[in-house]
Amino acid sequence: AERGVDAIKNYFEEIDRKGSTISKLLKVVLVGDAMAGKTSLRNAIAGARDPRQPEEARTIHADIITRVPVDERLILNLYDCGGQRGYLAGQLPFINDLALFVFVVEALKATDDYFEQSVERFLVLLLARAPGAVVQFVLSKVDLVSDADDRCCWLENKVNGWLAERRAESEKRNEEFTSLRVQQK
């Protein structure tokens, strides 16, 4: 852009001539409350032998691991966001529609109260900053519950119901609504 309009025009003409390239990089943003298991999940994705984090280890603001190879076609940049609410303002630059968001929910906390306090807050933020973003919900610490499948279905239904309510509210106001693309189990 510093070189002017002609440089921008030449750039797009070159893309048309050579064809576009699909990036191998995928930005994955791990979000959720403190101690939900985000860092352990990040460590597992990055190939750590023992991905579990000691309880006293905390992510301060955000930890970023770049260029984690999955295979020859995919490389991940992992953004592990600290779950304390005080970190949110500094994490806002990571919240855009160019990422896959993985919301980690501790299985024992999969309750209506938790949904209203944490999940809704995150969904509102995503709808405001990254409409159309892709979100995958992950239940962590499922070894501590006997009904993990039921809790997973409950969470999926709550998220889909909440998004349907937002869509209906927007339609009543004749407003456009761009939902989130929530990945199913």
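Above: the structure in question.
Report follows, based on the coordinates. (Residues numbered from 1 in each chain as written. Predicted model: local features only at pLDDT ≥ 70, side-chain atom pairs only at ≥ 80, totals over all residues. Heavy atoms only, no water.)

We now examine the packing of aromatic side chains. All chains considered together, the criterion is met by five aromatic pairs. Between Phe 103 and Phe 137, the ring centres sit 5.4 Å apart and the planes meet at 40°, which makes this aromatic pair tilted. Remark: Phe 137 occurs in strand S5 (residues 134-140) and Phe 103 occurs in strand S4 (residues 99-106); sequence separation between them is 34 residues. Residue classification places Phe 103 among the buried positions, given a relative accessible area of 3%. Aromatic ring contacts, followed pair by pair, group Phe 101, Phe 103, Phe 122 and Phe 137 into a single cluster. It is Lys 27 that lies over the ring of Tyr 79; its NZ or CZ is 5.2 Å from the centre. Here the guanidinium or amino end of Arg 166 rests over the ring plane of Trp 162, the centre of that ring lying 4.5 Å away. (Phe/Tyr/Trp six-rings, centres within 6.5 Å; stacked < 30°, edge-to-face > 60°. Helix = DSSP H or I, 4+ residues; strand = E, 2+ residues; numbered from the N terminus. Buried < 20%, exposed > 50% of the residue type's maximum accessible area, 1.4 Å probe, protein only. Lys NZ or Arg CZ within 6 Å of the ring centre and 35° of its normal.)

The first and last C-alpha atoms of helix H4 (residues 112-129) sit 24 Å apart over 18 residues, in line with the 26 Å expected at 1.5 Å per residue. If you look at H4, its biggest bend is around 35°, right at Val 119. Of all the residues in H4, the buried ones are Tyr 114, Phe 115, Ser 118, Val 119, Phe 122, Leu 123, Leu 125, Leu 126 and Leu 127. Next to the buried residues of H4 lie strand S1 (25-31), helix H3 (88-91), S4, S5 and helix H5 (148-172). (Expected span 1.5 Å × (residues − 1). Bend = angle between axes of the 7 residues up to and from the residue. Contact = heavy atoms within 4.5 Å.)

This part covers the pattern of salt bridges. Applying the stated rule across the entire model yields 12 salt bridges. When the shortest N-O distance is used, the salt bridge between Arg 52 and Asp 50 registers 3.0 Å. Given a relative accessible area of 46%, Asp 50 falls into the partly exposed group. With a shortest N-O distance of 3.3 Å, Lys 158 and Asp 112 are connected by a salt bridge. Here Asp 112 lies in helix H4 and Lys 158 lies in helix H5, a separation of 46 residues in the sequence. (Salt bridge = Lys/Arg side-chain N within 4 Å of Asp/Glu carboxyl O.)

With that out of the way, let us pick up the sheet that holds strand S6 (residues 181-182). With mixed pairing, six strands are arranged side by side in an open sheet as S2-S3-S1-S4-S5-S6. Only two strands of the sheet have a single partner each, and these edge strands are strand S2 (62-71) and S6. Where S1 meets S4, five bridges bridge the pair, whose relative direction is parallel. Its bridge partner being in S4, Val 28 is matched across the sheet by Leu 100. Each of S1, S2, strand S3 (74-81), S4 and S5 is contacted by helix H2 (residues 38-45), which is oriented at about 160° to S3, the strand it contacts most. (Pairing = 2+ DSSP bridges. Axes fitted to C-alpha atoms, helices over the stretch in contact; angles between N-to-C directions.)

Another aspect to go through is unusual backbone geometry. With a phi angle near 55°, Lys 141 is a residue other than glycine that sits in the positive phi range. Here Lys 141 shows up in the loop between S5 and H5. Classification of Lys 141 by relative accessible area gives partly exposed; the value is 31%. Positioned with a positive phi, Asn 174 is a non-glycine residue whose angle comes to about 55°. Mapped onto the elements, Asn 174 comes out in the loop between H5 and S6.

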